[in-house]
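Fold and geometry: a report
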Amino acid sequence: MPDRPEIVCICGSTRFVDEMRAVNRDLTLAGVIVVAPGEADELITDKQKAALNALHLRKIDLADRILVVNPGGYVGESTRGEIDYARAIGKPISFTDPDPAAT
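About the thresholds
Residues numbered from 1 in each chain as written. Predicted model: local features only at pLDDT ≥ 70, side-chain atom pairs only at ≥ 80, totals over all residues. Heavy atoms only, no water. Helix = DSSP H or I, 4+ residues; strand = E, 2+ residues; numbered from the N terminus. Rg over C-alpha atoms; globule rule 2.2 N^0.38 Å. Contact = heavy atoms within 4.5 Å. Areas by Shrake-Rupley, 256 points an atom, 1.4 Å probe, with all protein chains shown as cover. Core = buried A, V, L, I, M, F, W, Y, C linked by side-chain atoms within 4.5 Å. Buried < 20%, exposed > 50% of the residue type's maximum accessible area, 1.4 Å probe, protein only. Salt bridge = Lys/Arg side-chain N within 4 Å of Asp/Glu carboxyl O. Phe/Tyr/Trp six-rings, centres within 6.5 Å; stacked < 30°, edge-to-face > 60°. Lys NZ or Arg CZ within 6 Å of the ring centre and 35° of its normal. Disulfide = S-S within 2.5 Å.

A few words on the overall build of the protein. Scanning the protein from terminus to terminus reveals 3 helices and 4 strands. Sequence-ordered secondary structure for the protein, helices as α and strands as β, is β-α-β-α-β-α-β. For the protein, the C-alpha radius of gyration of 13 Å lies close to 13 Å, the compact-globule estimate for 103 residues. Taking the intrachain contacts of the protein between residues at least 6 apart in sequence as the baseline, contacts between residues at least 24 apart amount to 73%. As presented, the protein carries roughly 6500 Å² of accessible surface, and 57% of it is formed by carbon and sulfur atoms.

Formed by Ile7, Cys9, Cys11, Val35, Ile60, Ala63, Ile66, Val68, Val75, Ile83 and Ala86, the largest nonpolar core amounts to 11 residues. Mapped by element, the contributors of at least two residues to this core are strand E1 (7-12), strand E3 (65-69) and helix H3 (77-88). Per-element tally for this core: the top contributor is E1, with 3 residues. If we skip the residues at most four places from it in the chain, isoleucine 83 touches Ile66, Val68, Val75, Ile93 and Phe95. Among the nonpolar cores identified, the runner-up in size contains 10 residues, and Val8, Phe16, Met20 and Leu67 belong to it.

Here the focus is the pattern of salt bridges. Enumeration according to the criterion identifies 6 salt bridges in this entry. Across the pair aspartate 64 and arginine 4 runs a salt bridge, and its minimum N-O distance is 2.7 Å. Note that aspartate 64 is positioned in the loop between helix H2 (46-62) and E3 and arginine 4 in the segment before E1, a separation of 60 residues in sequence. One salt bridge in this structure joins aspartate 61 and arginine 58, with 2.8 Å as the shortest N-O distance. Of this pair, aspartate 61 and arginine 58 both sit in helix H2, separated by 3 residues, roughly a single helical turn. By relative accessible area, arginine 58 is classed as partly exposed at 40%.

Okay, the packing of aromatic side chains next. Tallied over the full model, the rule gives 1 aromatic pair. One cation-aromatic arrangement involves arginine 15 over tyrosine 74; the distance from NZ or CZ to the ring centre is 4.1 Å.

A full pass over the atoms with the stated rule returns 0 disulfides. The thiol sulfur of cysteine 9 is not disulfide-bonded, and the nearest other cysteine sulfur, from cysteine 11, lies at 4.3 Å. We classify cysteine 9 as buried; its relative accessible area is 0%. With a relative accessible area of 0%, cysteine 11 lands in the buried category.

As structure tokens, this is what we get:
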């Protein structure tokens, strides 16, 4: 048994918030520590969005790996940037659906 649970950072488009919540629940119940994108119920400013994006990169730093929630293979520009960042720092990456960029 490992010294600590695996830490997984969920990445994905905000259009998949329900799917990310389900993945978060399933991983948590499996004993995984999950870090996920921040959520806001109201519109946020560009400054707030930039701050949230920077914070999410720090979450990737903390994680053992990232899991991209990409129903239908969809990966948007922001998520692609997170994937590129994770690759650059050597984090393993997995996807809920096949990544169309990998083909």
